[in-house]
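Structure at a glance
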Amino acid sequence: MTPDTHAPMPAAANPWDITPKERAIFTFIVMLGAFMAILDTTVVDVIVPKLTGPLSSDLYGVQWIITSYMVSAAIALLVTEYLIKRFGSKAIFILGVALFSAASFFCGISNDLSTIIVARIVQGFGEALIMVTSHIMVFSFFPPDKQGLAMGIFALGVSFAPALGPTVGGYLTEYYNWRMVFFINVPIGILLSIAAALYLPKERVSEKPKFNFTSFFLLSIATISLLIMLSKGQQRGWFHDELIGTLFFVSVISFLLYGISELNSRYTLIDFTLFKNPDFTNGILIYFFVLGFSMYQYFYLLPVYYEHIKMLPTMDAGIAVFAFALFIGIFSPVAGILSDKIGAKKTVGIAATVYILGSITLLPSLNYYTPLTQAMLLTIPFGIGMGMFFAPVTVLLLQSAPANKGELAIVLMDYFRFVGGSFGTALATNNMEYFKALNFDHMTEIQNYEYLNDFLHQVMHYGGMTWEQTKAIFANYETFMSFNYGFYNTFMHAGYWGILGSLFVVALFLMKPKQPIHIPSKKEQ
């Protein structure tokens, strides 16, 4: 939302010229929408493995519940800037909440896989509309000297919600059933839509932008192919599978054709002049590598560690994850205040330092033998680093973009979050399997087979088991321990991507930024 295209209140010269009470009400409404949408992503991740029976499908089939949502949200991001400029942030926010809530209801009543996948596609589209509009509106509600605090508040929801997901998902599935994960969104969504319609400030939409359908189609095909490839690559053996190879080829060709379309179009889908500012470029790359490639791996790995290595029930694993989630919530507004006090760049530097030290030195030490309390404590620096990360990077990006390109800056942030997060999750899955196999081979190489044979015969004798049962138990033990030791390597590799992303943090201090230039709209020209 920008002064030259929207006027939130007739009496206000700027969108932040509102009373503290109005600011609190407006912020609460849009933050509740963002919290609901982002929480749903990780809550559903928890219940998906439990849906094979109710939906009469296998594990690979129900994974499409996650994939369809992710792909739909990524594609919706590409049209969100146009919709906001055409109809205003308030209208698109309400539309997003309505779509998300209605789709949640149909997810809850679904009895077969195809129905819930269609509903998840609609839900993903609504989530994208909610996230971009809520982000830009919260930023606009605060004056320039409080924009760090604004993004700290927004980060409190965006970063805290996904970490809280396993706890909420575990509670709802354990004490109710999986349908409650979706039904709980419906009354919240209805009340939120009414509150947004009544209380959010009105806008005057004066711009009628052009939309490049050719570029949108090509970039959509490229994105869909890439995200499905990353989602299904491990399952299908990556490039040993014909479908994965085809998806990769289609993605590359579509990205190239999209680039050609943009170069030859009068009205581009994405204004790449934003990347002329090194602060914006470095900020996007930090977001892409540190959040997507590194943090998303830990987000995926830590619940797996608690459930499959520490053998905790889903509910207890969620409580263990809550240990670092709590510190994400505490340090998000702290980072926002720091951004206002010492600047976004310095705050990003502090966040990156805390995050790298925690992820490289502490998290790899987690294994089966780590006491649960100690394991939870070791994840706290990760939570602090992540809590301090989101707000300053967002402030940096929005302040380095022209005022009338704020919506596009948010769209690009979220797009790179989806793509980077998909890469991160694919890397974590692939590394877990690779290092599990590597450690298993290493364990078998160093075994003394004569000693092992004598030991297993003693176990068979004293345990009253058959030889086949004894061998099966030992094979399961070997598999489990190789999985356990493989986590060290997987955690380390996730940290390496964080180090790579931190190089762009260093570049922030070495490269001279450019002042954002107002890019006039067609009407202004």
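The sections below set out a description of the structure shown in this document. Worth saying up front: this structure is predicted, and the values here are computed from it rather than measured.

A separate point is the overall build of the protein. Regarding its fold elements, the protein presents 19 helices and 0 strands. Rg of the C-alpha trace for the protein: 24 Å, near the compact-globule value of 24 Å for 525 residues, within the 12% margin. By residue count, 56% of the 525 residues in the protein fall in the buried class. A sequence separation of at least 24 residues applies to 85% of the contacts in the protein between residues at least 6 apart.

Following both chains from N to C, one finds helix H11 (residues 278-309) and helix H13 (residues 344-361) inclined at 25°, their axes separated by 13 Å at the closest point. Classed by the angle they form, the pair H11 and H13 counts as roughly parallel. When you trace H11 past H13, the crossing you get is left-handed. Packed against H11, whose contacting residues are Asp279, Ile286, Val290, Ser294, Met295 and Tyr298, the element H13 presents Lys345, Val348, Tyr355 and Ser359 at the interface. Looking at side-chain class alone, the contact of H11 with H13 contains 6 nonpolar, 2 polar and 2 charged residues.

Now for the packing of aromatic side chains. Taken as a whole and assessed by the stated rule, the structure comprises 35 aromatic pairs. Between Tyr355 and Phe382, the ring centres sit 5.9 Å apart and the planes meet at 45°, which makes this aromatic pair tilted. Taken together, the residues Tyr355 in helix H13 and Phe382 in helix H15 (residues 380-387) connect sequence positions 27 residues apart. With a centroid separation of 5.5 Å and 55° between ring planes, the pair formed by Phe487 and Phe491 is classed as tilted. Here Phe487 and its partner Phe491 are both found in helix H19 (residues 467-510), 4 residues apart, which amounts to about one turn of the helix. On the accessibility criterion, Phe487 (1% relative accessible area) is buried. Every member of this aromatic cluster is reached through a ring pair, and the members are Tyr298, Phe299, Tyr305, Tyr306, Phe324, Tyr355, Phe382, Phe483, Phe487 and Phe491. Against the face of Phe418 rests Arg417, its NZ or CZ located 4.9 Å from the ring centre. Residue placement shows Lys436 over the ring face of Phe483; its charged tip is 5.3 Å from the ring centre.

The next thing to look at is helix H10 (residues 242-263). Its 22 residues give H10 an end-to-end C-alpha distance of 32 Å, which sits within 8% of 32 Å, the value for a rise of 1.5 Å per residue. Every buried residue of H10 is accounted for by Ile244, Leu247, Ser251, Ser254, Tyr258, Ser261 and Glu262. One face of H10 carries all of its buried residues, which in axial projection span an arc of 110°. Opposite the buried face of H10, by more than 90 degrees, sit the exposed residues Glu242, Phe249, Leu256 and Leu263. Lining the buried residues of H10 we find helix H9 (213-236).

Take a nonpolar patch on the surface next. Together, Phe239, Phe248, Phe249, Val252, Ile253, Leu256, Leu257 and Ile260 make up an exposed nonpolar region whose accessible area comes to about 760 Å². With respect to the secondary-structure elements, Phe249 resides in helix H10.

Summed over all chains, the structure comprises 1 cavity of 30 Å³ or more. Looking at the largest cavity, its volume works out to about 30 Å³. Every residue along the wall of the largest cavity is listed here: Ile286, Val290, Met295, Val348, Ala351, Ala352, Tyr355, Phe389 and Val505. Residue assignment for the lining of the largest cavity shows that the elements contributing at least two residues are H11 and H13. If you tally residues by element for the lining of the largest cavity, the top one is H13, at 4 residues. Broken down by class, the residue content of the lining of the largest cavity amounts to 9 nonpolar, no polar and no charged.

Note: most residues except glycine have negative phi, and most peptide bonds are trans. Positive phi is not limited to glycine here, since Met311 has a value of about 60°. You can see Met311 is positioned in the loop between H11 and helix H12 (314-342). Among the residues examined, Met311 registers a relative accessible area of 52% and is labelled exposed.

Conventions adopted
Residues numbered from 1 in each chain as written. Predicted model: local features only at pLDDT ≥ 70, side-chain atom pairs only at ≥ 80, totals over all residues. Heavy atoms only, no water. Helix = DSSP H or I, 4+ residues; strand = E, 2+ residues; numbered from the N terminus. Rg over C-alpha atoms; globule rule 2.2 N^0.38 Å. Buried < 20%, exposed > 50% of the residue type's maximum accessible area, 1.4 Å probe, protein only. Contact = heavy atoms within 4.5 Å. Axes fitted to C-alpha atoms, helices over the stretch in contact; angles between N-to-C directions. Parallel < 35°, antiparallel > 145°, perpendicular 65-115°, else oblique. Left-handed = near helix turned anticlockwise from the far one by under 90°. Nonpolar A, V, L, I, M, F, W, Y, C, P; charged D, E, K, R; others polar. Phe/Tyr/Trp six-rings, centres within 6.5 Å; stacked < 30°, edge-to-face > 60°. Lys NZ or Arg CZ within 6 Å of the ring centre and 35° of its normal. Expected span 1.5 Å × (residues − 1). Arc of directions from axis to C-beta. Patch = residues over 30% accessible without salt bridge, like charges linked within 9 Å, V, L, I, M, F, W, Y side chains within 5 Å. Areas by Shrake-Rupley, 256 points an atom, 1.4 Å probe, with all protein chains shown as cover. Salt bridge = Lys/Arg side-chain N within 4 Å of Asp/Glu carboxyl O. 1 Å grid on protein atoms, 1.4 Å probe; cavity = no way out; pocket = protein on both sides within 12 Å on 5 of 7 lines; lining within 4 Å. Points joined across faces, edges and corners; volume = space filled by probe spheres on them.

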